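Summary of structural features
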Amino acid sequence: MLVLSGVCAVAALSLVTAPLAQASSKDEENLYSMEACEYPGYSKFKLHLYYNSAGAGSYRNIGYSVYDFNAVRPGGSDPGAHPLRFCPMGASNPWPGSGQKIKNNAASGENDHSRYKARIYDRSGYKGNQDVMAPYQHIDQFRHNYNDNASFKWTSR
């Protein structure tokens, strides 16, 4: 018969009753982080997508590559797929694009990363035509993927 001392019993009980922590995933960060709707330039997330040309309208900051803007899967206890959306801006007078899905709705973007290029693709899975933003580059109007964007990937070249 195994007998636990008082300290061991408390430790064993805390392991049984402690809530399980959900593992953080990159998709989860892109979906739920406060950085996603922080003002661009102040966000730790370095890609900024805008609903309108010239960085106008609602925006969304993205920190990690996204395989499909319409099917972000946070994992953990949420098995579903969620679309990334532009941040809801302007409660009484909504900004253009406020709350809209990003997929096929982004017109311009900005890469605030110092080392990586941002590639915006017109198809999910990092495929198809792409607009490439070098580090610290802003594109006033996407050339290949104007309102036709489905995925995004950071690359070193």
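Everything here concerns the structure above.
In what follows, the accompanying structure is described. Every value quoted in this text rests on a predicted model; they were computed, and no experiment measured them.

This part covers the packing of aromatic side chains. Two numbers describe a pair of aromatic rings. These are the distance of the centres and the angle of the planes. All told, the structure shown has nine aromatic pairs when counted by the stated rule. Plain terms: the ring middles of Tyr51 and Phe86 are 5.7 Å apart, the flat faces sit at 85 degrees to each other, and that makes the pair edge-to-face. Here Phe86 lies in the loop between strand S2 (59–62) and strand S3 (108–111) and Tyr51 lies in the loop between strand S1 (47–50) and S2, a separation of 35 residues in the sequence. Note on Phe86: relative accessible area 1%, which makes it buried. Centre to centre, the rings of Phe152 and Trp154 are 5.0 Å apart; their planes meet at 80 degrees, and the pair counts as edge-to-face. For Phe152, a relative accessible area of 0% corresponds to the buried category. Classification of Trp154 as buried rests on a relative accessible area of 15%. One aromatic cluster is present, formed by Tyr39, Tyr42, Tyr50, Tyr59 and Trp95 through successive ring pairs.

Turning next to the sheet that holds S2. Taken together, four strands build an open sheet; the order of strands is S2-S1-S3-S6 and the sheet is antiparallel. Only two strands of the sheet have a single neighbouring strand rather than two, namely S2 and strand S6 (138–139). The sheet contact formed by S1 and S3 spans four bridges and is antiparallel. The residue of S3 that forms the bridge with Tyr50 is Ser108.

Further remarks concern unusual backbone geometry. Non-glycine residue Asn104 carries a positive phi angle of around 60 degrees. Along the chain, the position of Asn104 falls in the loop between S2 and S3. The class for Asn104 is partly exposed, based on a relative accessible area of 32%. Residue Tyr136 is not a glycine yet carries a positive backbone phi of 60 degrees.

All right, on to the side chain of Asn111 then. You can see Asn111 is positioned in strand S3. Among the polar contacts made by the side chain of Asn111, one reaches the main-chain carbonyl oxygen of Met133 at a distance of 3.1 Å.

Scanning the model with the defined rule gives one disulfide in all. Residue pairing for Cys37: its cysteine sulfur links by disulfide to Cys87, the two sulfurs lying 2.0 Å apart. Every disulfide takes its handedness from the sign of the S-S torsion; for Cys37 and Cys87 that torsion is -95 degrees, giving left-handed. Of the two residues, Cys37 is situated in the loop between helix H2 (26–32) and S1 and Cys87 in the loop between S2 and S3; the sequence distance between them amounts to 50 residues. A relative accessible area of 32% places Cys37 in the partly exposed class. The buried category is assigned to Cys87, whose relative accessible area is 1%.

Cut-off values and rules
Residues numbered from 1 in each chain as written. Predicted model: local features only at pLDDT ≥ 70, side-chain atom pairs only at ≥ 80, totals over all residues. Heavy atoms only, no water. Phe/Tyr/Trp six-rings, centres within 6.5 Å; stacked < 30°, edge-to-face > 60°. Helix = DSSP H or I, 4+ residues; strand = E, 2+ residues; numbered from the N terminus. Buried < 20%, exposed > 50% of the residue type's maximum accessible area, 1.4 Å probe, protein only. Pairing = 2+ DSSP bridges. Polar contact = N/O pair within 3.5 Å; in protein donor to acceptor, adjacent residues only side chain to side chain. Disulfide = S-S within 2.5 Å.

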